[in-house]
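A closer look at the structure
Given next are the chains, with one letter for each unit.
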Amino acid sequence: ICRFLAREIGIAGRSNLEMAQVDEIIDVIQDAIEASYKAWYSKNKREELVMLTSKTFPTVLQQLEKRLSERGGQFMVGNRFTWADLHLFYFLSKDFICPTVVASYPKLSNLVQRVGEMPNIKKWMENRPENGKPQT
């Protein structure tokens, strides 16, 4: 549904290549989000969370930072806002990753900050319902 909506409102990429690049970023982020859920609800939660924070997230963030640099450093794809940037903003929010961790990746941190300052996104973040916290 998200891909469909992104195409409908013009933030899916301007060409087939850009759309494929957006899909690449979305899939990497989604894999990391799913790994987070699996770790939180694992029978071996402590070990899985250690693996998530010491291996999975750093690897993903390094890959995304590298890809952002390779593509000009302004946006993840095509030097314009796409839903890959929006999904990255969500993933790098405090709901998933501690802001001090994100700060270790300056290009990603800068992108997340700029996306968060977009008027409609900023308004939503200020007025959205409170998210529930994972149970420990």
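Scroll up to find the structure this text is about.
A full pass over the atoms with the stated rule returns one aromatic pair. Residues Phe 57 and Phe 91 carry aromatic rings whose centres are separated by 5.6 Å and whose planes lie at 75 degrees to one another, so their mutual orientation is edge-to-face. You can see Phe 57 sitting in helix H3 (residues 45-70) and its partner Phe 91 sitting in helix H4 (residues 83-91), a full 34 residues away along the chain. Each member of the pair, Phe 57 together with Phe 91, is buried. One cation-aromatic arrangement involves Arg 114 over Phe 75; the distance from NZ or CZ to the ring centre is 5.1 Å.

Right, let's talk about H4 for a bit. Residues three or four positions apart in an α-helix share a direction because the helix packs 3.6 residues into each turn. Of all the nine residues making up H4, seven are buried; the element is thus mostly covered by neighbouring parts of the structure. Among all positions of H4, only Trp 83, Ala 84, Asp 85, His 87, Leu 88, Phe 89 and Phe 91 are buried. Residues of H4 that are buried make contact with helix H1 (2-9), helix H2 (16-40), H3, helix H6 (106-116) and helix H7 (119-127).

A few words now on the nonpolar core. Within the largest apolar cluster, 36 residues are counted, with the highest numbers of intra-cluster contacts made by Leu 64, Met 76, Leu 88, Phe 91, Leu 92, Ile 97 and Leu 108. Not counting chain neighbours up to four residues away, the residues in contact with Phe 91 comprise Ile 29, Ala 32, Ile 33, Phe 57, Val 60, Leu 61, Phe 96 and Ile 97.

To describe two helices that pack against each other, one gives the angle between their axes and the distance between the axes. Across the interface, H4 lies against H6 with an axial gap of 9 Å and an inter-helix angle of 100 degrees. Judged on the interaxial angle alone, H6 and H4 are roughly perpendicular. When H4 is examined against H6, the residues Asp 85, Leu 88 and Phe 89 are found in contact with a partner set consisting of Leu 108, Leu 111, Val 112, Val 115 and Gly 116. Taken together, the residues of the contact of H4 with H6 sort by class into six nonpolar, one polar and one charged.

Criteria and cut-off values
- Residues numbered from 1 in each chain as written.
- Predicted model: local features only at pLDDT ≥ 70, side-chain atom pairs only at ≥ 80, totals over all residues.
- Heavy atoms only, no water.
- Phe/Tyr/Trp six-rings, centres within 6.5 Å; stacked < 30°, edge-to-face > 60°.
- Helix = DSSP H or I, 4+ residues; strand = E, 2+ residues; numbered from the N terminus.
- Buried < 20%, exposed > 50% of the residue type's maximum accessible area, 1.4 Å probe, protein only.
- Lys NZ or Arg CZ within 6 Å of the ring centre and 35° of its normal.
- Contact = heavy atoms within 4.5 Å.
- Core = buried A, V, L, I, M, F, W, Y, C linked by side-chain atoms within 4.5 Å.
- Axes fitted to C-alpha atoms, helices over the stretch in contact; angles between N-to-C directions.
- Parallel < 35°, antiparallel > 145°, perpendicular 65-115°, else oblique.
- Nonpolar A, V, L, I, M, F, W, Y, C, P; charged D, E, K, R; others polar.

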